[in-house]
Amino acid sequence: MKNVDMPLLKQVANNLMFDMKDSEYITLLEEFDVIIRQMELISQIPGVDEVSPMTFPFDVTTDYLREDIPTTPVPQEIALKNAGHVVDGQIRLPKVVG
Amino acid sequence: MEYLSLDILSLHQAILEGKITPLELVKQSLEKAKNDQNNAFEYICEKEALEAVNRLDPNKQNNLLWGIPYALKDNFSTKDIPTCASSNILRGYTPIFSSEVYLRLTEQGAILIGKATLDELAMGGTGMTGHKGLTYNPWDPSHKHMVGGSSCGSAAAVASGIVPFAIGSDTGDSVRKPASYAALVGMKPTWGRISRFGLFPFAPSLDHVAFFTRNVMDSAIVLEALSGRDEKDSSSSTVAVEKYSQSISAHLNGKKFAVIKEIYDSINNRNIIASFDKTIETLKQQGARVDFVSMDLKLCKAIYPTYIVISCSEATSNNANLDGIKFGPRFDGKDYEEVMTKARTEGFCEMIKRRFVIGSYSLFKENQAEVFLRAQKVRRLIVDATNNILKDYDVIYLPAAPSTAPLFQGEKGDKLSNEYLISDNHLAIGNFAGLPSIVLPLGFDKGLPFGVNLTGKRFAESEVLSLAKGIENITQLKDLVAKEGK
Amino acid sequence: MNFEAVIGLEIHVEMNTKSKMFSNAPICYGKLPNTLTVPLDLAFPGTMPVVNKQAVINAIRICNALNMTIDRELWFDRKNYFYSDLPKGYQITQQQRPIGSDGKLEINTSLGKRTISIERLHLEEDTCKQLHSWDCTLLDYNRAGIPLVEIVSRPDLRSGEEARQYVEKIRSIVTFLDVSTGKMEEGSLRCDVNISLRPVGAKKLGTKVEIKNLNSFANIEKAVDYEIKRQEKVLLSGGAVTQETRRFDEGLKQTILMRLKTDAVDYKYFVEPNIPPIKLSEDFIKNAIDTSPELAEVKLARYQNLGLNDYDSQMLISNKKTCVYFDEAIKSGASAKLLANWIIVDVQSILNKEMIDIDQFKVSPRNLGKLVLMIEKQQVSNKQGREIFQKLIEKDEDPEIVKKIIGADLVSDGDLIGQAVKEIIDSNPQAIIDYQNGKDRAVGFLVGQVMKKMAGKANPAIVNKLVVEELQRR
């Protein structure tokens, strides 16, 4: 497990596109302490690495596939009505470089 | 006559007999909603509800939910009705499409009177993190005790008699725990039984549409109204929907209940244990078999960390679409990163951000094997152990929670104690395994309610409801409404 | 020191299904921005992906054409990152279990045939379109969610020519399977190149450079060839190649640095929990393959069986739309060779002049086929045939009708012509004598007279034949 320290937490938060107050990073550090110990509990469970990871609650394999039939699209004004900054029927962002 | 405190069948009957009209009923409900003291509502749909009553199709009045008001947790999309999941990041968002649950209820004539508060983005269990502040427990007029979460508003709305039923969502226990704290019946069916289309996702592999009522029969009615395949939700099940309201039989003779000893032992509240034990005696007297079975203590202790890792990881990804660009408050910045960062910094509460960081960390390439994937492996072990027990028993039977509703200002408690790890989180087993799970009132301790939990085999909703009805007959606790100032 | 280039290609193919990969929004081109979306495409909370059957069928068909192993279960993953053109903050893709794996493709190069190994083929979705202006970027979600297939080759390619041949072959496959328009210049086929050099015989790979934003097959070849030389120069001078992303400048004919490649981004892949695994039955897969449109090689073989030579067949299969046209036109019964010629020469010159593709050509294949058959059967002369063709270009209709309009009904009736022949010969006794004296131009003269008498409507070949026969009788 990657070592958890303040700089790492800040980096993770920034990669998730937000900032937190310094006090919150401290709270988070404490929470991580607990979590990491809890994860250690998990690693001690006998046979844990002999099973495969489970994504779904049970076998939900299906054979359903959607027919390729287009629907009526949403009118432009409706699609964009919740967007804060619209220009010429498009959502405007500061110039994206790179 | 307090119609809104009636059970659904009686209310339906009253409507058919003309004793009360849907319009009168809805107006009463709206009035109560406006006077709600518990912060149960994000938005009261007065205009929309009155229009909906006008549009009611008299040909459909045989529908059990026809003309009946209800509340919907504000993480369900409702077209043209503001929906913000109690989060600032979605302030002002008005969806352009509706959730399947809302569509089905509308089609059957039920009337939405309000969007209920929740813990922000459904990620919480206290009812404290919604952006409008605390949601209170109607059973404590002094407002010192929580009603739990994340479906706090839905619970408060039903418990305080504003509506006979309310829809919530249950990812770890978010309907069933508040049900225990509010003397309600909280049901979470099998994963995929009810379409999640339009439900804001917290952790899709654990998310379930769930609901509150005040008695078991009402749960059966609501379950029937909502269940069934929806092609818009790839995970929704094609298993046939039974007529649950007609298939409930409260016979307990020959039924087999399994009490998981390790979970039972982790509960220290004597009143709860005493009430629970008493029901066991009565069950046996009625011919049921009740055995104490074992689940590896290590697995029981692993429930909470497994839940935290899986739910935070999925949640981090699910909420990456909230960036203020397509919807939600928009901020300016020198580049798109700044635009997104400002929106997400301002819009999410701190607890949510911390959960996201935990989730992101769990998914790191270097950590995945040890953290996320291992949690998924433990999930499999827990699920296998649970299903193993259910091979020989009809339901797993346990107290729903280790205590009555906690105080807002309560002690945090040792996060690594059995009490915290096991007893407070065991309901998550029902989410890991996607099994139908119900909580109903068991008793009162110092004026605050506590509940009992039954979890059954997948798609065995009829069985679970039947056994729950049997318990309800034993406790005689149903249709409980918290009175103001009582 | 001799170096060999180690080249791998990542190709993204945009599918031309009617609806998107996970949403049922329509796909069309040239529409106003944000008019082809449904809530899922803008990532509104609560929307959910539902897999498009045709996209899966298309992927199966491509896997089959590339000799790939096809996974019997469809699993999807989330690729998590933030970017302006990514509405959900993640892309649904297939990381752990691509639908196709371990394939191969044979290409023809100037140095002979080569077999290129293909590592994987998977389904994913496109991002939204960004229109960059001088002070802002505008987002158009019409493209968001369009199905993409990503095909990743093993680093088996060794030269610019091979790279180009590989991509052209992939394009042929996807266009002939009707999966995509395969146009690099329009972005429906995108190619990224990864290229490194190592000493000949060495096992270890050199530092990889990525070349992106290539917009034509020719540029792929040029970019790769330039990059090989550039890296060679660097290595021979004792330097080291840096890991970077470059683009190809058409004007300078050079690869230019775009950015240095930092450590690989961690996309935190995990299984998409909203899409349960989808079972692909043997029947489903077999049916998708059996009902597959013909690949170019199959058509090539078929055309050669019809008697077309190598040049003509290659010309036809260079463009799937041409084959479609040809296959429809030949139903008229016209000879393959003649029809092919008309298409490759006459039709193509019109297409070139008007800068259109054959599916925009005014004359329907049915009518062209009919016309060619008419000419073949000598129901009209070559000259009359061309006249009819020009008329069809103005108005596409049944050539029989046009034939009547221009009065091109050739008389082929032997008796009728014979009658006229007798009369003409009777009135030209000198011609008989000339013919008997070995003066063959008498025949031409008589034929001309008969044609004049029949107002040019007689079938000249028959006239000629009957004149000679009649002369021989005299």
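Residues numbered from 1 in each chain as written. Chains lettered and ligands numbered in written order. Predicted model: local features only at pLDDT ≥ 70, side-chain atom pairs only at ≥ 80, totals over all residues.

### A closer look at the overall build of chain B
No. 1: When its secondary structure is counted, chain B shows 18 helices and 11 strands.
No. 2: Relative to its length of 486 residues, chain B is compact, with a C-alpha radius of gyration of 21 Å against a globular reference of 23 Å.
No. 3: Expressed as lengths along the three principal axes of its C-alpha atoms, the size of chain B is roughly 70 × 65 × 45 Å.
No. 4: Out of the 486 residues belonging to chain B, those deemed buried represent 65%. (Helix = DSSP H or I, 4+ residues; strand = E, 2+ residues; numbered from the N terminus. Rg over C-alpha atoms; globule rule 2.2 N^0.38 Å. Buried ≥ 20, exposed ≤ 12 C-beta atoms within 10 Å, placed from the backbone.)

### Quick word on the overall build of chain A
No. 1: Along the backbone of chain A there are three helices and two strands.
No. 2: Starting at the N terminus and walking to the C terminus, you meet the elements of chain A as α-α-α-β-β.
No. 3: Its C-alpha radius of gyration of 23 Å places chain A more than 25% over the 13 Å reference for a compact globule of 98 residues.
No. 4: Judged by the C-alpha coordinates and their principal axes, chain A covers about 55 × 45 × 25 Å.
No. 5: For chain A, the proportion of its 98 residues judged to be buried stands at 24%.

### Here we look at the sheet that holds strand 15 (residues 270-271) of chain C
All names here are of chain C.
No. 1: Judged by pairing direction, the sheet is antiparallel, and its three strands sit side by side in the order 5-4-15 without closing on themselves. What marks the edges here is a single partner per strand, and that holds for strand 5 (90-93) and strand 15.
No. 2: Here two bridges tie strand 4 (residues 77-80) to strand 15, and the two strands are oriented antiparallel to one another. Each bridged residue has a counterpart across the sheet, and for Asp77 the counterpart in strand 15 is Val271. (Pairing = 2+ DSSP bridges.)

### A closer look at unusual backbone geometry
No. 1: Here the residue pair Gly149 of chain B and Ser150 of chain B is connected by a cis peptide bond, since its omega of 5° sits within 30 degrees of zero.
No. 2: Looking at the element boundaries, Ser150 of chain B is found in the loop between strand 3 (111-116) and helix 5 (152-159).
No. 3: We note that Lys446 of chain B has phi near 50°; this positive angle belongs to a residue other than glycine.
No. 4: Looking at the secondary structure, you find Lys446 of chain B in the loop between strand 10 (437-445) and strand 11 (448-456).
No. 5: If you check the backbone angles, Gln378 of chain C has positive phi at about 55° while not being a glycine.
No. 6: Checked against the element boundaries, Gln378 of chain C lands in the loop between helix 9 (365-376) and helix 10 (382-394).

### Observations regarding the interface of chain B and chain A
No. 1: Every contact between the two is made by 63 residues of chain B and, on the other side, 45 residues of chain A.
No. 2: Mapped by element, the contributors of at least two residues to the side of chain B that touches chain A are helix 11 (297-318), helix 12 (336-347), helix 13 (350-363), helix 14 (365-368) and helix 15 (372-392) of chain B.
No. 3: The element best represented in the side of chain B that touches chain A is helix 15 of chain B, accounting for 10 residues.
No. 4: Residue composition of the side of chain B that touches chain A, grouped by class: 29 nonpolar, 14 polar and 20 charged. (Contact = placed C-beta atoms within 7 Å. Nonpolar A, V, L, I, M, F, W, Y, C, P; charged D, E, K, R; others polar.)

### Some words on the interface of chain C and chain B
No. 1: Counting residues at the interface gives 24 residues for chain C, matched by 31 residues for chain B.
No. 2: Grouping the amino acids of the side of chain C that touches chain B by side-chain chemistry returns 15 nonpolar, five polar and four charged.

### Structural notes on helix 2 (residues 22-43) of chain A
Residues and elements named next belong to chain A.
No. 1: With 22 residues, helix 2 ought to run about 32 Å at 1.5 Å a step, and its terminal C-alpha atoms sit 31 Å apart, in line with that.
No. 2: Within helix 2, burial applies to Leu28, Ile35, Gln38, Met39 and Ile42. All buried residues of helix 2 lie within an arc of 100° about the axis, which places them on one face of the element. Set apart from the buried face of helix 2 by more than 90 degrees, the exposed residues are Asp22, Ser23, Glu30, Asp33, Arg37 and Glu40. (Expected span 1.5 Å × (residues − 1). Arc of directions from axis to C-beta.)

### Brief notes about the packing of helix 2 (residues 22-34) of chain B against helix 3 (residues 46-54) of chain B
Residue and element names in this part refer to chain B.
No. 1: Contact pair helix 2 / helix 3: the axes reach a minimum separation of 10 Å and the direction vectors enclose 170°. Overall, the two elements helix 2 and helix 3 adopt an arrangement that is roughly antiparallel. From helix 2, Pro22, Leu23, Val26 and Leu30 reach across to helix 3, where they touch Glu46, Ala49, Leu50 and Val53.
No. 2: Class assignment for the residues of the contact of helix 2 with helix 3 results in seven nonpolar, no polar and one charged. (Axes fitted to C-alpha atoms, helices over the stretch in contact; angles between N-to-C directions. Parallel < 35°, antiparallel > 145°, perpendicular 65-115°, else oblique.)

### Examining the pairing of strand 4 of chain C
No. 1: Sheet topology places strand 4 of chain C next to strand 5 of chain C; four bridges connect them, and they run antiparallel. Bridge pairing in strand 5 of chain C places Asn80 of chain C opposite Tyr90 of chain C.

### Quick look at the nonpolar core
No. 1: Core analysis: the biggest nonpolar cluster contains 285 residues, and Tyr70 and Ala166 of chain B together with Ile62 and Val193 of chain C have the highest contact counts within it.
No. 2: It is helix 11 of chain B that provides the largest number of residues to this core, a total of 11 residues.
No. 3: Built from parts of two domains, this core gets at least three residues from each of domain 1 (3-279) and domain 2 (303-405) of chain C.
No. 4: If sequence neighbours within four positions are ignored, Val193 of chain C has contacts with Ile7, Leu9, Ala163, Ile211, Leu214, Ile220, Ala223 and Val224 of chain C.
No. 5: Judged by nonpolar contacts, the second largest core, of 16 residues, contains Ala420, Tyr435, Val450 and Val467 of chain C. (Core = buried A, V, L, I, M, F, W, Y, C linked by C-beta atoms within 7 Å. Domains from an automatic or database assignment.)

### Regarding the environment of Asp249 of chain C
No. 1: Locating Asp249 of chain C in the fold gives a position in strand 13 (residues 244-249).
No. 2: Ignoring any residue separated from it by four or fewer positions in sequence, one finds Asp249 of chain C in contact with Gln254 and Ile256 of chain C.

### Some words on the confidence of the model for chain B
No. 1: When the pLDDT values of chain B are averaged, the result is 96; 98% of them are 70 or greater.
No. 2: Across the interfaces of the predicted complex, the ipTM metric reaches 0.96, alongside a pTM of 0.91. (pLDDT = per-residue confidence, 0-100.)

### Re the environment of Gly470 of chain B
Residues and elements named next belong to chain B.
No. 1: You can see Gly470 is positioned in helix 18 (residues 461-475).
No. 2: Through-space distance from the C-alpha of Gly470 to that of Asn271 is 21 Å; in sequence the pair is 199 residues apart.
No. 3: Leaving out residues up to four positions away in the same chain, Gly470 has contacts with Ala250 and Leu252.

### What to know about the sheet that holds strand 7 (residues 256-260) of chain B
All names here are of chain B.
No. 1: A sheet is described by the order of its strands in space; here 11 strands give the open sequence 1-3-2-4-6-5-10-11-9-7-8, paired in mixed fashion. The sheet terminates laterally at strand 1 (41-44) and strand 8 (289-293), the two strands that pair on one side only. Sheet twist, expressed as the average angle between the axes of neighbouring strands with direction ignored, equals 25°.
No. 2: Here strand 5 (residues 185-188) pairs with strand 6 (residues 209-213) via three bridges, running antiparallel. Bridge pairing links Met187 to Phe211 in strand 6.

### Brief notes about the environment of Asp290 of chain C
No. 1: Along the polypeptide, Asp290 of chain C turns up in helix 4 (residues 282-290).
No. 2: Considering only alpha carbons, one finds Asp290 of chain C and Arg61 of chain C, 229 residues apart in sequence, at a separation of 9.1 Å.

### With respect to helix 5 of chain B
Residues and elements named next belong to chain B.
No. 1: Counting buried residues in helix 5 gives eight out of eight residues, a clear majority hidden from the surface.
No. 2: Of the residues making up helix 5, those classed as buried are Cys152, Gly153, Ser154, Ala155, Ala156, Ala157, Val158 and Ala159.
No. 3: After helix 5 finishes, the residue Gly161 shows a positive phi value of roughly 80°.

### So, the confidence of the model for chain A
No. 1: On average, residues of chain A carry a pLDDT of 93, and 99% of them reach 70 or more.
No. 2: Ranking the helices and strands of chain A by mean pLDDT puts helix 3 (residues 76-80) of chain A first, with 97, and helix 2 of chain A last, with 90.

### Here's the deal with the packing of helix 7 (residues 216-226) of chain B against helix 18 of chain B
All names here are of chain B.
No. 1: Look at helix 7 against helix 18: their axes get within 9 Å of each other, and the N-to-C directions meet at 160°. In this view, helix 7 runs roughly antiparallel relative to helix 18, as classed from their interaxial angle. Note on packing geometry: the crossing formed by helix 7 with helix 18 is right-handed. From helix 7, Val216, Ser219, Ala220 and Leu223 reach across to helix 18, where they touch Glu461, Leu465, Ala468, Lys469 and Glu472.
No. 2: When its residues are assigned to classes, the contact of helix 7 with helix 18 shows five nonpolar, one polar and three charged. (Left-handed = near helix turned anticlockwise from the far one by under 90°.)

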